[in-house]
Amino acid sequence: MRTIVIGCDNAAVRLKKIMMDFMLEKGYTVENVGCDSDEDSTFYPYIAQKACERIIESNYEKRGVLICGTGLGMAMAANKFKGIRAGVCHDIFSAERLQLSNDGNILCFGERVIGAELAKRILECWLKLDFVDGPSTPKVDAIKELEAANLK
Ligand code: RB5
């Protein structure tokens, strides 16, 4: 079963713990890159960096879950890394499309936005899906072309 890298800033320690336990119960291997305390004020981009590096080192075999207050900052930071396609999903339809339309390899949540039960269902939906080649492939390829041209 796939390994999931998970990280959060100190705005999302509680939701991250719930998501970690949920994935462990489902049998996933989970790699936690922090932070684990309200007192840890590491800026969210540095947590996103740690998670992205683990995913890149795995040759994109691993996927990631990043949580901050809104999910927005984590997604912005993660999308600065080569081969990372991160999206914020607070509904199940978006989570499905993040995988099937965008081949997204990082799912972001905002602890200040979403409740834990909905977040679990969104996460479960996204984890179960895999991108398959089809009409979305040339669109994802176009993202990769933009990345190659603009991300040095
Ligand atoms: C708190 O630092 C908050 O700004 C952060 O968790 C996140 O929501 C940023 O996008």
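As the structure is a computational prediction, the values presented were derived from the model and not from experiment. (Residues numbered from 1 in each chain as written. Predicted model: local features only at pLDDT ≥ 70, side-chain atom pairs only at ≥ 80, totals over all residues. Heavy atoms only, no water.)

Chemist: Got a minute to help me understand helix H5 (residues 116-128) in this structure?
Modeler: An α-helix turns once every 3.6 residues. As a result, residues three or four positions apart point the same way. Between the first and last C-alpha of H5 there are 18 Å, a value that for 13 residues agrees with the 18 Å anticipated at 1.5 Å per step. What H5 keeps buried is the set Ala119, Lys120, Ile122, Leu123, Cys125, Trp126 and Leu127. Tucked into the core, H5 has its buried residues touching strand S1 (3-8), helix H1 (13-26), strand S3 (63-68), helix H4 (92-100) and strand S5 (106-110). (Helix = DSSP H or I, 4+ residues; strand = E, 2+ residues; numbered from the N terminus. Expected span 1.5 Å × (residues − 1). Buried < 20%, exposed > 50% of the residue type's maximum accessible area, 1.4 Å probe, protein only. Contact = heavy atoms within 4.5 Å.)

Chemist: Please clarify how the pairing of S3 should be interpreted in this entry.
Modeler: For a regular strand, side chains alternate in direction, first toward one face of the sheet and then toward the other. Most of S3 sits inside the fold, with 6 of its 6 residues counted as buried. Of the two faces of S3, the one lined by Arg63, Val65 and Ile67 and the one lined by Gly64, Leu66 and Cys68 are each fully buried. Here S1 runs beside S3; their pairing, made up of 5 bridges, is parallel. Across the sheet, residue Val5 finds its bridge partner in S3, namely Gly64. Across 5 bridges, the pairing between S3 and S5 is parallel. Looking at S5, one finds that Leu66 is bridged to Cys108. (Pairing = 2+ DSSP bridges.)

Chemist: Explanation requested: the pattern of salt bridges in the structure shown.
Modeler: Note on pairing: side chains with opposite charge can pair once their charged atoms come close. One pass over the structure, following the stated rule, counts 14 salt bridges. The closest approach of N and O atoms between Arg54 and Glu31, which form a salt bridge, is 2.7 Å. In this pair, Arg54 is assigned in helix H2 (residues 44-57) and Glu31 in strand S2 (residues 29-32), connecting sequence segments 23 residues apart. For Glu31, a relative accessible area of 18% translates into the label buried. In this structure, the salt-bridge partner of Asp103 is Arg85, at a minimum N-O distance of 3.2 Å. (Salt bridge = Lys/Arg side-chain N within 4 Å of Asp/Glu carboxyl O.)

Chemist: Sorry if this is basic, but what is going on with the packing of aromatic side chains here?
Modeler: Any two aromatic rings considered together are summarised by their centre-to-centre distance and by the angle between their planes. Enumeration according to the criterion identifies 1 aromatic pair in this entry. With a centroid separation of 6.4 Å and 10° between ring planes, the pair formed by Phe43 and Tyr46 is classed as stacked. A residue is classified by how much of its surface remains accessible, and Tyr46, at 48% relative accessible area, is partly exposed. The ring of Trp126 has Arg63 lying over it, and the distance from NZ or CZ to the ring centre is 5.0 Å. (Phe/Tyr/Trp six-rings, centres within 6.5 Å; stacked < 30°, edge-to-face > 60°. Lys NZ or Arg CZ within 6 Å of the ring centre and 35° of its normal.)

Chemist: Just to check I follow, could you spell out the nonpolar core for this structure?
Modeler: Across soluble globular proteins, you tend to see nonpolar side chains buried next to one another. Ranked by internal contacts, the top residues of the largest apolar core, which has 44 residues, are Met23, Val65, Leu66, Ile106, Phe109 and Leu123. Where this core is concerned, the elements lending two or more residues are S1, H1, H2, S3, helix H3 (72-78), H4, S5 and H5. (Core = buried A, V, L, I, M, F, W, Y, C linked by side-chain atoms within 4.5 Å.)

Chemist: Can you help me understand the sheet that holds S1 in this one?
Modeler: In sheet architecture, strand pairing relies on hydrogen bonds along the backbone and comes in two forms, parallel and antiparallel. The strand order across the open sheet formed by 5 strands is S2-S1-S3-S5-S4, and the pairing between neighbours is parallel. This sheet does not close on itself; its edge strands, each paired only once, are S2 and strand S4 (86-88). Mean inter-strand twist for the sheet, computed between neighbouring axes without regard to direction, equals 25°. As judged from the 3 bridges shared by S4 and S5, these two strands associate in the parallel manner. Bridging across to S5, Ala86 finds its partner in Ile106. (Axes fitted to C-alpha atoms, helices over the stretch in contact; angles between N-to-C directions.)

Chemist: Is there a simple way to think about unusual backbone geometry in this case?
Modeler: Backbone geometry follows two general trends: most residues other than glycine have a negative phi, and most peptide bonds adopt the trans configuration. Following Gly34, the chain continues to Cys35 via a peptide bond in cis, the omega torsion being -10°. As for its position among the elements, Cys35 is in the loop between S2 and H2. At Tyr60, a position not held by glycine, the phi torsion is positive, near 70°. Position of Tyr60 relative to the elements: it lies in the loop between H2 and S3. Here Asp103, not a glycine, exhibits a phi torsion of approximately 50°, which is positive. Here Asp103 shows up in the loop between H4 and S5.

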